[in-house]
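Chain and residue survey
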Amino acid sequence: MSSLGLNNLPQLLLLWLVASLATQFDPLSHVNPLIGTTNGGNVFAGATLPYGLAKVVADVDGQNTGGFGMDMSNVTGISSIHDSGTGGNPSLGNFPLFPQVCPSDELNNCQFRIGDRKVRYKTGSVVAEPGLFGIELESGVQVSMTVSEHASLITFRFPRSDGDHPLILLDLTDLWQSRQNASVLVDEKSGRMVGNGTFLPSFGAGSYQLHFCVDFSGAGIHDTGVWVNNRAGTEPKQLYITRGFNLFYLEGGAFARFSPGPDNAVTARVGLSFKSSEQACGHAEREIPNPRGDFDRLVSAARDAWREKLSPISVKAGGADENLLTSFWSGAYRSLISPQNYSGENPHWDTGEPYFDSFYCIWDSFRAQHPLLTILDPTAQTQMVQSLLDMYRHEGWLPDCHMSMCKGWTQGGSNADVVLVDAYAKNLSSAIDWELALEAVVTDAEKEPLEWSYHGRGGLQSWRRLGYIPYLDFDPFGFGTNSRSVSRTLDMNWRNLWKEDQTSVVRGKDTGFKGFFQPKYMNGTWGLQDPVACSALAGFCSLTTNPSETFEASIWQYLFYVPHATSSLISLVGGDDAFVSRLDYFHESGLADISNEPVFLTVYLYHYAGRPGLSTRRAHQYIPSSFNNTNGGLPGNDDSGAMGSFLFFSVMGLFPVAGQNVYLINAPFLQEVSVRNPVTGKRATVRALNFDAAYKNVYVHKATVNGQPWTKSWIGHEFFSEGWTLELTLGNTESDWGRKAADRPPSWTV
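Residues numbered from 1 in each chain as written. Predicted model: local features only at pLDDT ≥ 70, side-chain atom pairs only at ≥ 80, totals over all residues. Heavy atoms only, no water.

**Comments concerning the state of the cysteines**
As enumerated under the stated definition, the model contains 4 disulfides in all. Paired by a disulfide, Cys213 and Cys281 hold their sulfur atoms 2.1 Å apart. Residues Cys213 and Cys281 share a disulfide whose torsion about the S-S bond is about 100 degrees; that sign makes it right-handed. Of this pair, Cys213 sits in strand β13 (residues 208-217) while Cys281 sits in helix α4 (residues 277-287); the two residues are 68 residues apart in sequence, bridging distant segments of the chain. As far as burial versus exposure is concerned, Cys213 and Cys281 are alike and both buried. When the cysteines of the protein chain that form disulfides are numbered from the N-terminus onward, they connect as 1-2, 3-4, 5-6, 7-8. Note on Cys406: no disulfide assigned, nearest cysteine sulfur contributed by Cys401 at a separation of 12 Å. (Disulfide = S-S within 2.5 Å. Helix = DSSP H or I, 4+ residues; strand = E, 2+ residues; numbered from the N terminus. Buried < 20%, exposed > 50% of the residue type's maximum accessible area, 1.4 Å probe, protein only.)

**Considering α4**
Looking at α4, one finds that the buried residues are Ser277, Ala280, Cys281, His283, Ala284 and Glu287. Summarising the axial view, the buried residues of α4 lie within an arc of 155 degrees, below the 170-degree limit, and thus occupy one face. Across α4 from its buried face, at more than 90 degrees, point the exposed residues Glu278 and Arg286. Residues of α4 that are buried sit in contact with β9 (151-157), β12 (193-199), β13, β18 (265-273) and α5 (295-310). (Arc of directions from axis to C-beta. Contact = heavy atoms within 4.5 Å.)

**Quick notes on the side chain of Ser453**
With respect to the element layout, Ser453 can be found in the loop between α11 (434-446) and α12 (460-466). Judged by relative accessible area, which is 11%, Ser453 ranks as buried. One polar contact links Ser453 to Glu451, side chain to side chain, over a distance of 2.4 Å. Contacts of Ser453, omitting those with residues within four sequence positions, involve Gly408, Trp409, Thr410, Phe479 and Gly480. (Polar contact = N/O pair within 3.5 Å; in protein donor to acceptor, adjacent residues only side chain to side chain.)

**Concerning unusual backbone geometry**
Residue Pro236 follows Glu235 across a cis peptide bond; omega there is 0 degrees. The residue after Ser338, namely Pro339, is reached through a cis peptide bond having omega -5 degrees. Mapped onto the elements, Pro339 comes out in the loop between α6 (322-335) and β20 (340-341). Located in the positive-phi region is Gln177, a residue other than glycine, with phi close to 55 degrees.

**Some points on α11**
The terminal C-alpha atoms of α11, which comprises 13 residues, lie 18 Å apart, in line with the 18 Å expected from a rise of 1.5 Å per residue. Residues Leu436, Ala437, Ala440, Thr443, Asp444 and Ala445 constitute the buried set of α11. Those residues of α11 hidden inside the fold are in contact with α9 (378-395), α10 (416-425) and α12. Of the residues flanking the start of α11, the one acting as N-cap is Asp433, its side-chain oxygen 3.3 Å from the backbone nitrogen of Glu435. (Expected span 1.5 Å × (residues − 1).)

**Notes on the packing of helix α8 (residues 369-376) against helix α18 (residues 642-652)**
Any two packed helices are characterised by how steeply their axes cross, that is the angle between the axes, and by the distance between the axes. One can describe the packing of α8 onto α18 by two numbers: an axis separation of 8 Å at closest approach and a directional angle of 60 degrees. The two elements α8 and α18 cross, and the hand of that crossing is left-handed. Across the interface between the two elements, Gln369, Pro371, Leu372, Ile375 and Leu376 of α8 pack against Ala642, Ser645, Phe648 and Phe649 of α18. Each residue belonging to the contact of α8 with α18 can be placed in one class, and the counts come to 7 nonpolar, 2 polar and no charged. (Axes fitted to C-alpha atoms, helices over the stretch in contact; angles between N-to-C directions. Left-handed = near helix turned anticlockwise from the far one by under 90°. Nonpolar A, V, L, I, M, F, W, Y, C, P; charged D, E, K, R; others polar.)

**Some thoughts on the environment of Pro96**
Take Pro96: it is sitting in the loop between β3 (74-79) and β4 (97-100). It is 9.8 Å that separates the C-alpha atoms of Pro96 and Gly253, two residues lying 157 residues apart in sequence. Look past the residues within four positions of Pro96 in its chain and what remains in contact with it is Asp59, Gly77, Ile78, Ser79, Arg117, Leu169, Leu170, Asp171 and Thr173.

**As for the domain arrangement of the protein chain**
Note on interface size: it is often stated as the accessible area lost on association of the parts. As far as domains go, the protein chain holds domain 1 (30-308) and domain 2 (314-743). The C-alpha centroid of domain 2 is placed 36 Å from the C-alpha centroid of domain 1. Counting residues at the interface gives 49 residues for domain 1, matched by 53 residues for domain 2. Summed over both partners, the interface of domain 1 with domain 2 comes to about 3,800 Å²; 56% of that surface belongs to carbon and sulfur atoms. Put simply, domain 1 and domain 2 have 1 salt bridge between them. Two residues, Asp350 and Lys275, come together in a salt bridge whose shortest N-O distance is 3.3 Å. (Domains from an automatic or database assignment. Buried area = accessible area lost by both parts, 1.4 Å probe. Salt bridge = Lys/Arg side-chain N within 4 Å of Asp/Glu carboxyl O.)

**With respect to the packing of aromatic side chains**
Per the counting criterion, the structure on display carries 42 aromatic pairs. The interplanar angle of 50 degrees and the centroid separation of 5.2 Å between the aromatic rings of Phe68 and Tyr121 together place this pair among those described as tilted. In this pair, Phe68 is assigned in the loop between β2 (55-60) and β3 and Tyr121 in the loop between β5 (119-120) and β6 (127-129), connecting sequence segments 53 residues apart. For the pair shown, Phe68 and Tyr121 are each scored as buried. Each ring, one from Phe328 and one from Trp329, has its centre 5.8 Å from the other, and the planes form 80 degrees; the classification is edge-to-face. Neither Phe328 nor Trp329 differs from the other in exposure class; each is buried. The ring of Trp526 is capped by Lys520, whose NZ or CZ atom sits 4.5 Å from the centre of that ring. (Phe/Tyr/Trp six-rings, centres within 6.5 Å; stacked < 30°, edge-to-face > 60°. Lys NZ or Arg CZ within 6 Å of the ring centre and 35° of its normal.)

**Topic: the nonpolar core**
One finds Phe68, Ile135, Met193 and Phe719 to be the most contacted residues of the largest nonpolar core, which totals 210 residues. Take this core: its biggest share by element is 8 residues, from α18. Domain assignment of the residues forming this core places at least three in each of domain 1 (30-308) and domain 2 (314-743). Other than its neighbours up to four places away in sequence, Phe719 contacts Met652, Leu654, Ala684, Thr685, Val686, Trp724, Thr725 and Leu726. (Core = buried A, V, L, I, M, F, W, Y, C linked by side-chain atoms within 4.5 Å.)

**Digging into the sheet that holds strand β30 (residues 672-676)**
In space, the 6 strands of this open sheet follow the order β19-β30-β31-β35-β32-β33, with mixed pairing throughout. Strand pairing shows two members of the sheet lacking a second neighbour, β19 (313-316) and β33 (708-709), which therefore form its edges. The pairing of strand β32 (residues 699-705) with strand β35 (residues 725-731) spans 6 bridges and is classified as antiparallel. The residue of β35 that forms the bridge with Lys702 is Thr729. α6 rests against β19 and β30 of the sheet, and its axis sits at about 170 degrees to β19. (Pairing = 2+ DSSP bridges.)

In structure tokens, the structure reads:
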């Protein structure tokens with residue numbers, strides 16, 4: 001090397017490093033938390049850490065199930081705990097703070113009740129990034145917020161005004177206004193607010209207590225007090241409030257007014273705990289010791305935490321649309337928001353081990369989200385499985401739903417069983433007590449709880465005697481909603497509800513297809529549920545308002561849900577061509593409801609009939625039309641990340657069959673996607689040859705694994721755990737790859 005090169009080596013190295021950093025891909029640049037904030041996606045768009053307890057965002061009075069919606073409705077407060085993507089009643093959103101300036105600086109000119117104080121937010125003011133949320137109200141108040149694990153940090157910047165004393169109130173309510181009772185104590189000198197409330201879970205039984213601790217900084221305290229309905233006073237300094245009489249919901253809380261400094265800003269630090277206010281204060285003090293100086297540090301730490309969680313993923317777009325990339329990364333991001341790490345916060349038991357809650361609900365998440373966590377974050381997924389087993393130890397059965405430390409209503413069946421079996425089939429971790437897991441699954445199958453509406457299974461006496469759960473079952477041994485007999489039986493003896501001569505009429509015309517599942521009475525005679533009922537053509541069926549014999553989906557949709565024995569179902573309907581014809585009709589007639597999870601696997605069931613290319617073609621029907629980079633870019637509730645996980649697997653080209661060691665191989669939407677195992681460091685890669693971003697080449701013509709020919713249309717979890725490379729040669733016509741009987745996915749013949 002010349003002396004010139006030696007003398008300039010440090011400078012050249014520096015230039016190389018600068019150039020390298022400048023081109024280094026940051027996945028957060030492709031995360032859009034606002035996807036799904038309209039069109040019923042119900043996502044949480046605010047600031048959170050992965051699986052974090054604290055989740056802070058502006059709450060609105062429009063689409064507010066996740067707190068905030070981009071529907072230009074009114075902001076009612078800033079609250080620090082939420083769930084994401086759920087349906088039904090809004091979940092959490094407890095103890096919101098709300099800023100305002102009282103006209104003429106008169107306390108009772110301020111507006112305290114939600115309906116009076118609400119204010120619109122300014123178009124274009126919303127900032128939503130991992131770890132950061134900001135918004136400007138039409139009142140001129142600018143609000144920025146971020147989080148630690150158990151606390152939030154919120155900066156309120158008020159418009160400049162001489163002589164005014166800005167007010168921040170705390171409301172002893174939640175988004176659902178489910179509060180049963182609550183209390184608050186405000187310190188006269190510091191303005192610290194501590195208290196708690198008892199609330200109802202938004203989709204479950206019982207109640208939960210949540211505790212808070214709010215500290216203010218950056219401004220002097222002018223006065224403090226409490227408020228009830230539309231009046232406030234500086235005495236007393238504490239309040240205990242009940243729900244109110246009949247439908248008259250009492251509104252109340254505490255307030256503080258400030259003498260702001262030159263920047264006209266007030267910072268609020270909010271600590272939360274399910275155990276005590278003391279623990280809430282301790283969380284806040286430990287995690288955010290310097291509220292006036294910690295904001296940027298917290299944002300940076302949150303962004304680093306998100307980069308670390310997304311770091312196993314890498315892609316080569318191959319010219320694919322940037323909006324697709326944003327949808328893809330955002331789907332991965334949302335899948336890591338919930339379930340939530342409530343370790344040390346369970347007031348009912350504490351084993352000293354990690355504890356996750358907000359399984360909301362497993363009927364939604366077992367199909368794609370938990371399989372995705374198994375490959376992206378196997379450590380967290382192991383802890384989630386162990387948490388489910390913890391619930392079994394202490395509550396007697398596995399949950400189908402569990403939120404806010406409460407038992408949630410059971411949806412289609414005992415779906416935690418599938419999560420456990422999926423973990424076992426993929427050899428998730430030796431730390432899991434598999435003997436206990438087997439015991440829990442057997443308990444679900446064999447022991448009927450008295451109240452099976454929130455765990456376990458009902459109708460087991462009839463199931464043992466008849467081989468199915470009857471329509472209008474007589475079951476004096478356990479109690480729950482007398483519905484869902486078809487979808488609950490499909491988890492067990494599916495063939496016993498097959499009615500071979502059942503027909504279906506759509507839009508007044510016979511579809512020409514015969515044979516559907518139907519409800520059956522105890523005496524063996526058939527009931528009737530129109531196969532179209534509860535479909536996208538006939539209106540949604542809810543567990544609480546209009547329960548049917550299938551849960552949240554039609555007979556048509558449940559026709560295809562026999563994932564352990566799809567080959568037998570194919571034989572039952574008349575063979576491969578007849579099965580494909582039914583699938584085509586289902587997806588092309590408007591019967592398929594991509595907004596709900598039972599339809600996920602139907603997109604890819606063509607594999608079982610030897611037509612894997614049609615699965616990829618069908619995926620393009622829904623992506624990007626129903627999954628895209630817009631505020632309404634989800635077809636329905638994200639369901640704690642279920643929709644995002646469906647998109648992730650679809651784009652990668654491997655779709656899981658939950659509860660089995662099976663991933664169905666499809667042409668990916670990107671040239672290359674790889675996932676590094678965070679535990680072993682081994683990297684699994686799907687690579688498309690002849691990839692074209694116009695998606696004319698969507699049929700697999702040839703496949704190799706680690707350079708060797710691969711004829712099967714599916715692959716096992718070894719692909720991820722051992723770090724294999726799958727290369728798919730694509731073409732623009734359907735090929736013979738994966739069509740032979742020996743190359744189809746495994747399926748029981750029953």
